[in-house]
Amino acid sequence: MTVVRVALANLRVPSTPTESVALATSAIAEAGRQGAMVVCFPECFIPGYRWPGSAVPAYDPAFHKQALAEVAEAANRAGITVILGTERMTDRGLQITACVIAPDGTIAGWQDKVQLDPSEEDIYPAFANERRVFTAGPLTFGVTICHEGWRYPETVRWAVRRGAQVVFHPHASAAEPGSYRPTTFADPMNSFHEKAVLCRAAENTCFFASVNFAIEGSSTTSAIARPDGTLQCFQPYGQAGLLVADLDLDTATGLLASRCRTSPL
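Model, not experiment: these values are computed from the prediction. (Residues numbered from 1 in each chain as written. Predicted model: local features only at pLDDT ≥ 70, side-chain atom pairs only at ≥ 80, totals over all residues. Heavy atoms only, no water.)

Caption draft 1: Structural detail: the environment of Phe127. Structurally, Phe127 is set in the loop between β5 (107-112) and β6 (134-136). Residues Phe127 and Leu116, 11 residues apart in the sequence, show an inter-C-alpha distance of 7.1 Å. The contact partners of Phe127, leaving out residues within four places of it in the chain, are Arg92, Gln95, Lys113, Val114 and Leu116. (Helix = DSSP H or I, 4+ residues; strand = E, 2+ residues; numbered from the N terminus. Contact = heavy atoms within 4.5 Å.)

Take a look at the structure:
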């Protein structure tokens, strides 16, 4: 049996970009103390997700460079792989991304968001057109960011067909006025989103690890679904903290993803 421990950083929304770095480095240290091999943060945790009406400052390359350096140093001290929800400026413009940082503090690569939610297109003028997988010890993993994992299941299948046993899903979901307030994961009265977490795992025979901010009243929380589509664990709604789980990689065979005969993915 090959077991890896992962952590999902279900943290409160940072009040400032500077605080986002402090919260991230503290969570990395705690994940390392708990023996996690990988820790994943929500979408755009640094400098903060740009919700409509939010006060997140304009992209600052100097701040971003320093923030990544501090997170990389924390990863190195903890000896852990970090999947950091953030943003970056490319020649195509500002993009939502996940920066994967290796345990030695080097940047292993980026998974830029390929499928934007329509509400994001005015804020982020650029999107990616490439996907990749990453490794951490015996673990191969992919990343699908928020809207991609909810609405484009092909993004998960792509990674699993290339060896990913786990697909991490950084997302950002806040409470909507008048929306249902769940207390149990995948409540039938709730939106479709948490059911999609179970589906992404079951339809690909992989683990699917979805991580949100700790937001009171949000319709989603952080959770991990097993390769058979059952729920392994979830974080209590609105409660900040690390969701830590041991994953049996031998069960993540990718069988159903590999049997797909009609898709070039």
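Still to come is the rest of the account.
Caption draft 2: How the structure looks around the packing of aromatic side chains. Summed over all chains, the structure comprises eight aromatic pairs. For the ring pair Phe41 and Phe45, a centre distance of 5.5 Å and an interplane angle of 40° mean the geometry is tilted. In this pair, the class of Phe41 matches that of Phe45, namely buried. Through pairs of rings, three or more aromatic residues link up here, namely Phe41, Phe45, Tyr49, Trp51 and Phe213. (Phe/Tyr/Trp six-rings, centres within 6.5 Å; stacked < 30°, edge-to-face > 60°. Buried < 20%, exposed > 50% of the residue type's maximum accessible area, 1.4 Å probe, protein only.)

Caption draft 3: Summary view of the pairing of strand β11 (residues 231-234). Bridge count between strand β10 (residues 223-225) and β11: three bridges; the pairing is antiparallel. By the bridge assignment, Ile224 is partnered in β11 with Cys233. Hairpin geometry of β10 and β11 is characterised by an intervening segment of five residues between the two adjacent antiparallel strands and by a positive phi of about 85° at Gly229. (Pairing = 2+ DSSP bridges.)

Caption draft 4: Highlighting helix α1 (residues 17-33). Helix length check: α1 (17 residues) gives 25 Å between terminal C-alpha atoms against 24 Å at 1.5 Å per residue, within 8%. Turning to α1, its buried residues number three or more, namely Pro17, Glu19, Ser20, Val21, Ala24, Thr25, Ala27, Ile28 and Ala31. Gly35 lies just past α1 and shows a positive phi near 85°. (Expected span 1.5 Å × (residues − 1).)

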